[in-house]
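Residue-level listing of the chains:
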Amino acid sequence: MLSRDAEHMLPPLTTGLAGFLYGLATVCAAGASSDKSLMLAASNEDWSPTLVYSTHGAFMAYREGSGEAICWGGRYRGGNCEGLNLSGVTAVYSTDFAFMAHMAGSGKAVCWGDMDRGGDCKGLDFSGVTAVYSTQGAFMAHKAGSGMALCWGLRFQGGDCTGLDFSGVTAVYSTWGAFMAHKAGSGQALCWGAKDFGGDCKGLDFSGVTAIYSSFEAFMAHKAGSDEAVCWGNRHLGGDCQGLDFSGITAVYSTGFAFMAHKAGSGKAVCWGGRDSGGDCTGLDLSGVSAVYSTRFAFVAHKAGSGKAVCWGGRDSGGDCTGL
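Nothing here was measured: the structure is a model prediction, and the numbers come from that model. (Residues numbered from 1 in each chain as written. Predicted model: local features only at pLDDT ≥ 70, side-chain atom pairs only at ≥ 80, totals over all residues. Heavy atoms only, no water.)

A few points about the overall build of the chain
- On a plain count of helices and strands, the chain comes out with three helices and 21 strands.
- For the chain, the proportion of its 324 residues judged to be buried stands at 47%.
- Long-range contacts, defined here as pairs at least 24 residues apart, represent 34% of the contacts in the chain between residues at least 6 apart.
- Element-wise, carbon and sulfur atoms account for 50% of the exposed surface of the chain, whose accessible area totals about 15,900 Å². (Helix = DSSP H or I, 4+ residues; strand = E, 2+ residues; numbered from the N terminus. Buried < 20%, exposed > 50% of the residue type's maximum accessible area, 1.4 Å probe, protein only. Contact = heavy atoms within 4.5 Å. Areas by Shrake-Rupley, 256 points an atom, 1.4 Å probe, with all protein chains shown as cover.)

Description of the side chain of His142
- As for its placement among the helices and strands, His142 is situated in strand S8 (residues 138–143).
- The class for His142 is buried, based on a relative accessible area of 5%.
- With sequence-adjacent residues up to four places away left out, His142 is seen in contact with Gly128, Val129, Thr130, Ala131, Tyr133, Met148, Ala149, Phe166 and Val169.

Structural notes on the packing of aromatic side chains
- According to the stated counting rule, one finds 15 aromatic pairs in the structure shown.
- Each member of the aromatic cluster is reached from another via a ring pair, and the members are Trp176, Phe216, Phe257 and Phe297.
- Geometry around Phe97 places Arg117 over its ring, the cationic atom sitting 4.8 Å from the centre. (Phe/Tyr/Trp six-rings, centres within 6.5 Å; stacked < 30°, edge-to-face > 60°. Lys NZ or Arg CZ within 6 Å of the ring centre and 35° of its normal.)

Some points on the pairing of strand S15 (residues 228–233)
- Note that strand S14 (residues 218–223) and S15 share six bridges and pair antiparallel. If you follow Met220 over to S15, its bridge partner there is Cys231. (Pairing = 2+ DSSP bridges.)

Quick notes on the sheet that holds strand S18 (residues 268–273)
- Taken in spatial order, the three strands line up as S16-S17-S18 in an open sheet, and their pairing is antiparallel. Each of the sheet's edge strands pairs with one partner strand only, and the pair in question is strand S16 (251–254) and S18. Strand-to-strand twist in this sheet, taken as the mean axis angle between neighbours without regard to direction, amounts to 20°. (Axes fitted to C-alpha atoms, helices over the stretch in contact; angles between N-to-C directions.)

Focus on the state of the cysteines
- Scanning all chains against the criterion turns up seven disulfides.
- Each sulfur of the disulfide joining Cys71 and Cys81 lies 2.1 Å from the other. Here the disulfide of Cys71 and Cys81 is right-handed, its torsion about the S-S bond being about 105°. Here Cys71 is found in strand S3 (residues 68–73), whereas its partner Cys81 is found in the loop between S3 and strand S4 (91–94), with ten residues between them in sequence.
- Residue class for Cys71 comes out buried when judged on its relative accessible area of 0%. (Disulfide = S-S within 2.5 Å.)

Digging into the pattern of salt bridges
- If you walk through the whole model with that rule in mind, you get twelve salt bridges.
- The residue Glu68 makes a salt bridge to Arg63 at a minimum N-O spacing of 2.6 Å.
- The partly exposed category is assigned to Glu68, whose relative accessible area is 32%.
- Classification of Arg63 as partly exposed rests on a relative accessible area of 23%. (Salt bridge = Lys/Arg side-chain N within 4 Å of Asp/Glu carboxyl O.)

Concerning the confidence of the model for the chain
- Mean pLDDT over the chain stands at 88; residues scoring 70 or higher make up 85%.
- Confidence drops under pLDDT 50 across residues 1–16; counting only partners more than four residues distant or on other chains, this segment forms 15 contacts.
- Note on residues 18–43: pLDDT is under 50 here. Beyond four places in sequence and across chains, it has 45 contacts. (pLDDT = per-residue confidence, 0-100.)

Brief notes about the sheet that holds S4
- On the basis of which strands lie adjacent, the open sheet formed by three strands has the order S4-S5-S6 and antiparallel pairing. Only two strands of the sheet have a single partner each, and these edge strands are S4 and strand S6 (108–113). Put simply, the sheet's adjacent strands are angled 20° from each other on average, direction ignored.
- Relative to S6, strand S5 (residues 98–103) is paired through six bridges, and the arrangement is antiparallel. In the strand pairing of S6, Ala101 is matched with Val110.

Thoughts on the nonpolar core
- Among the nonpolar cores identified, the biggest contains 14 residues, and Met60, Leu86, Val89 and Trp112 are the most heavily contacted of them.
- Of all elements in the fold, only strand S2 (58–63), S3, S5 and S6 reach the threshold of two or more residues within this core. (Core = buried A, V, L, I, M, F, W, Y, C linked by side-chain atoms within 4.5 Å.)

In structure tokens:
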């Protein structure tokens, strides 16, 4: 909460992102933060960042083309980027604890934040990188042209992919603690990271997979043509869907710890995973549902035509909309 003095020191906010950041930086310069980059931004109302990124506990505001940025929040969450050379940055990615700024033109990158959780990428060769992905504490940079990849950060959250063959990979997905690289052409996949988060998919048959979904601790690979699905990861939180009927599935949604597969044509759904996180929708009337949304622990299925909704999961997280 701002002190009374800080509240009175807020400038009249201009419209847009620049006004918001200028007001925030002024408050921080007044005493809430000692970061020099924020103080510099506060002294220059014309400093107008064009993009903002975040980790779990910090922000980075970047002005494209200038190589300038301001960072604030937890130092070990990426909240300090003072002194970094960010010229030539073409994209920014994050884990929960670190940022990675990619310079595609030069094949380089700058990383900062928690060094063990993705904030240290010194010495890595980023030439040829075509896409970057992340878990909570690790990054994976894919080089599609060469069938190679770079991984760094926490080993048990996917930060080590040494020896894996990424040739033929068509898409990459992640949970909190694991990666899955799909090879659609061959019906195969690579998984690495924490086993309980989906980091082990050995022996699973991915032939015919048409879509892949993830929660915080599990993956689900849907085979629309055969009305089947493959699930792995934490078996209690979405990683086990054996015996479920996926015929007629039109869309799949997830909370942090459960999945919901909607059958729009029949007004039914299949739910599995943590019961208190939306993994049980037994007996619910989902006819007429036009859209589904989720929080970390609950679902809401909206029936636009009737102005009604069905909610389930954790009551304190949105799982009860009775009477609304």
